[in-house]
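Read off the chains here:
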Amino acid sequence: LAAEQGVADAQHNLAMLCSLGRGIPQDDREAVRLFGFAAEEGYVDAQHNLAVFCEEGRGIPQDIGEAARYYRLAADQGLASAEWFIG
């Protein structure tokens, strides 16, 4: 799988499938893990989605500080929805 080879968009897409339970069992913890890999590679959608999971405590304990960090990373890349969250 491309996700296992470190391809950020594949990691993000697989994370989305995990979070939604589409074609595979729903697993927020695995989604967070995969979003994290893609986010650290600079994949903006993964940064935003990981921020949401951190903010909501989905798959990991709620962590507003980490949410803000990932929202900031996404906002710095120009993602308007992330800019809205950080004000």
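What counts, and at which threshold
- Residues numbered from 1 in each chain as written.
- Predicted model: local features only at pLDDT ≥ 70, side-chain atom pairs only at ≥ 80, totals over all residues.
- Heavy atoms only, no water.
- Core = buried A, V, L, I, M, F, W, Y, C linked by side-chain atoms within 4.5 Å.
- Buried < 20%, exposed > 50% of the residue type's maximum accessible area, 1.4 Å probe, protein only.
- Helix = DSSP H or I, 4+ residues; strand = E, 2+ residues; numbered from the N terminus.
- Contact = heavy atoms within 4.5 Å.
- Axes fitted to C-alpha atoms, helices over the stretch in contact; angles between N-to-C directions.
- Parallel < 35°, antiparallel > 145°, perpendicular 65-115°, else oblique.
- Left-handed = near helix turned anticlockwise from the far one by under 90°.
- Nonpolar A, V, L, I, M, F, W, Y, C, P; charged D, E, K, R; others polar.
- Polar contact = N/O pair within 3.5 Å; in protein donor to acceptor, adjacent residues only side chain to side chain.

Draft legend 1. Local environment of the nonpolar core. Membership of the largest hydrophobic core comes to 21 residues, with the highest contact counts inside it found for Ala31, Phe35, Leu50 and Tyr71. Elements represented by at least two residues in this core include exactly α1 (8-20), α2 (28-40), α3 (44-56) and α4 (64-76). Here Ala31 is in contact with Ala15, Cys18, Ser19 and Phe53, once residues within four sequence places are set aside.

Draft legend 2. Broad picture of the packing of α3 against α4. In contact at an axis separation of 8 Å, α3 and α4 are set at 160° when each is read in the N-to-C sense. Here α3 lies roughly antiparallel to α4, going by the angle between them. As for the relative orientation of α3 and α4, their crossing is left-handed in sense. Of α4, the residues touching α3 (which contributes Val44, Gln47, His48, Leu50, Ala51, Val52, Cys54 and Glu55) are Ile64, Glu66, Ala67, Tyr70, Tyr71, Leu73 and Ala74. Within the contact of α3 with α4, the residues separate by chemical class into 11 nonpolar, two polar and two charged.

Draft legend 3. Structural context of the side chain of Ser19. Here Ser19 lies in helix α1. There is a polar contact of 2.9 Å between the side chain of Ser19 and the backbone oxygen of Met16. Apart from the residues within four sequence positions on either side, Ser19 is in contact with Gln26, Asp28, Ala31, Phe53 and Arg58.

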